[in-house]
Amino acid sequence: MYDPKSLKAEEFICHEEILDTLKYADENKDNKELIRQILDKAALTKGISHREASVLLACEDKKVEEEIFALAKRIKDEFYGNRIVLFAPLYLSNYCVNGCVYCPYHHQNKHIARKKLSQEDVRREVIALQDMGHKRLALEAGEDPVNNPIEYILECIKTVYSINHKNGAIRRVNVNIAATTVEEYKMLKDAGIGTYIHFQETYHKEGYEKLHPTGPKHNYAWHTEAMDRAMEAGIDDVGLGVLFGLDMYRYELAGLLMHAEHLEAAHGVGPHTISVPRVRAAEDINPDEFDGGVDGGITDDLFAKIIAIIRIAVPYTGMIMSTRENKQMRERALQLGISQVSGASRTSVGGYDEPEPEEDNSAQFEVEDRRTLDEVIRWLIDMDFIPSFCTACYREGRTGDRFMDLCKHKQILNCCHPNALMTLKEYLVDYASPQTRVAGEALIERELGNIPKEKVRRIAEEYIKEIEHGKRDFRF
């Protein structure tokens with residue numbers, strides 16, 4: 001039985017409910033009256049259920065798709081404005097004891113170079129990232145209790161936060177590591193992490209167990225219930241995601257939205273972010289071998305539709321797209337709901353301070369977007385997006401339900417918007433190329449006029465002038 005308030009994985013991700021949902025969607029994909037009701041409900045910007053979203057995904061009417069895309073853009077603009085948050089992943093270690101068949105880090109892969117950053121390595125990598133202009137990192141590591149114990153992760157977090165270099169420090173560290181205990185999640189909370197990111201990969205239990213044949217990650221319930229333990233430990237912000245292309249995308253969309261519904265029902269707050277990675281080629285990995293591989297169904301057009309439907313189903317949730325995707329796909333997705341992107345990413349262990357030699361490959365997947373951070377910033381500005389390095393809500397305690405309340409009441413323009421402009425100003429003064437700075441200054445001048453409250457606008461203008469004269473880290 002489907003019970004979104006249950007803390008048991010097989011109840012809040014109920015296989016029978018998903019199968020019934022997919023059947024219902026097939027039966028109603030041409031039901032114009034029902035689809036009209038769903039779209040009208042979505043237009044109220046309160047979200048739609050996993051079942052309603054599945055009907056929209058099944059519908060192949062091009063006019064309906066056009067309306068879905070237009071609605072997704074409107075919702076994204078209303079909730080998140082035209083700001084795009086930037087971050088970079090930092091891979092700490094690729095030692096792993098799991099046997100995940102889609103990941104080159106699986107323990108049987110003898111072709112990949114195994115690496116682990118020392119604390120001095122971490123320091124050099126962070127300084128290199130700061131020299132680009134990054135303020136927000138996502139730490140990544142394989143699951144290995146000997147090489148990557150929680151103590152190592154905590155030491156890395158402490159090192160990252162301790163580095164003051166070139167007008168400030170890394171201001172937010174998100175963490176993407178394997179499912180663990182409530183006790184260890186409390187340690188991460190105490191270490192000051194931002195979002196705990198944890199991808200389900202696939203919600204289909206039988207498929208999940210085949211894709212994870214060995215290692216601790218084989219345990220579906222332990223993995224799927226990880227967010228509940230993290231939130232029990234006091235971590236306010238959690239990030240969901242599936243790896244599209246591993247299994248049936250329609251099943252995955254329903255499961256992903258059911259997980260979001262579960263967090264809202266059980267904990268009073270849904271996911272802070274949802275990531276939408278697709279399977280990519282890597283050392284020892286061929287994406288075409290999976291049931292839902294890119295050539296097996298997840299075309300760019302379909303992927304765009306999935307992104308748009310997630311956006312209208314969970315309007316309050318930030319959506320992340322990494323450099324797995326190329327410039328063209330990222331450009332398209334930004335119009336449909338994506339609110340965070342990585343820039344100048346390396347998926348090797350290290351690689352920012354000094355490029356990794358080709359013969360010493362430790363990358364988790366191939367990067368499709370290889371532009372520099374400055375090129376990404378200029379690209380966003382040219383599309384009238386505000387590149388944002390803001391971490392104000394995290395450091396002001398506006399996390400979990402407090403951030404969601406802000407977002408649901410559409411107060412972004414009076415808070416996140418000016419914060420984004422101030423962090424962009426910092427980037428322009430400290431790191432930007434001359435051409436990017438000219439374009440960015442013009443954008444800031446235009447966007448200050450879009451702040452609704454006169455008092456907020458005036459204060460933001462004063463802070464931006466002070467940033468020009470050397471002061472840093474203002475925030476609302």
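As a starting point, this report considers the structure included with it. None of the values given here were measured: they were computed from a predicted structure.

1. Observations regarding the pairing of strand β3 (residues 172–176)
Here is step 1: In terms of burial, β3 is a largely internal element, five of the five residues being buried.
Here is step 2: Side chains R172, N174 and N176 of β3 all project onto a buried face; the interleaved residues V173 and V175 project onto the opposite face, where all are buried too.
Here is step 3: Inspection of the sheet shows strand β2 (residues 136–141) paired to β3 by five bridges, in the parallel sense. Opposite L137, over in β3, you have V173 as the bridge partner.
Here is step 4: Where β3 and strand β4 (residues 195–197) come together, two bridges link them in parallel fashion. Pairing of N176 across the sheet is with I197, part of β4.
Here is step 5: Crossover β3 to β4 through helix α8 (residues 182–190) is right-handed.

2. Focus on the pattern of salt bridges
Here is step 1: A full pass over the atoms with the stated rule returns 39 salt bridges.
Here is step 2: Among the ionic pairs, E65 bridges to K62, the shortest N-O distance being 3.6 Å. You can see E65 and its partner K62 sitting in helix α5 (residues 62–80), three residues apart, about one turn around the helix.
Here is step 3: In this structure E65 comes out as buried when scored by relative accessible area, which is 15%.
Here is step 4: Its relative accessible area of 56% is what places K62 among the exposed residues.
Here is step 5: We note a salt bridge from D473 to R171, for which the minimum N-O separation is 3.8 Å.

3. Here we look at helix α15 (residues 373–382)
Here is step 1: When you tally the buried positions in α15, you get seven out of 10 residues, the bulk of the element.
Here is step 2: Inspection of α15 places L373, D374, V376, I377, W379, L380 and I381 among the buried residues, and these make up the whole buried set.
Here is step 3: Looking at the buried side of α15, the elements it contacts are β1 (83–93), α6 (119–132), α14 (327–334), β9 (386–388), α18 (416–430) and α19 (434–448).

Rules used in this analysis
- Sequence positions are assigned chain by chain, starting from 1 and proceeding in written order.
- Totals for whole chains, interfaces and linings use every residue, but because this is a predicted model, local features are given only for residues with pLDDT of at least 70 and side-chain atom pairs only at 80 or more, for both listing and counting.
- Only heavy atoms go into the side-chain values, all of them from the structure, while hydrogens and water stay out.
- Summary of the burial criterion: residues with accessible area below 20% of their type's maximum are buried, those above 50% are exposed, and those between are partly exposed, where the area comes from a 1.4 Å probe applied to protein chains only.
- Helix numbers and strand numbers start at the N terminus; a helix is a DSSP run of H or I with at least 4 residues, a strand a run of E with at least 2.
- DSSP-based pairing: two strands are paired if at least 2 bridges between them are found.
- Crossover handedness is defined by viewing with both strands directed away from the observer: a clockwise path from the first strand over the helix to the second marks the crossover as right-handed.
- Salt bridge, as applied in this entry: a Lys or Arg side-chain nitrogen positioned within 4 Å of an Asp or Glu carboxyl oxygen.
- The contact definition used throughout considers only heavy atoms, calling two residues in contact when any of these lie within 4.5 Å.

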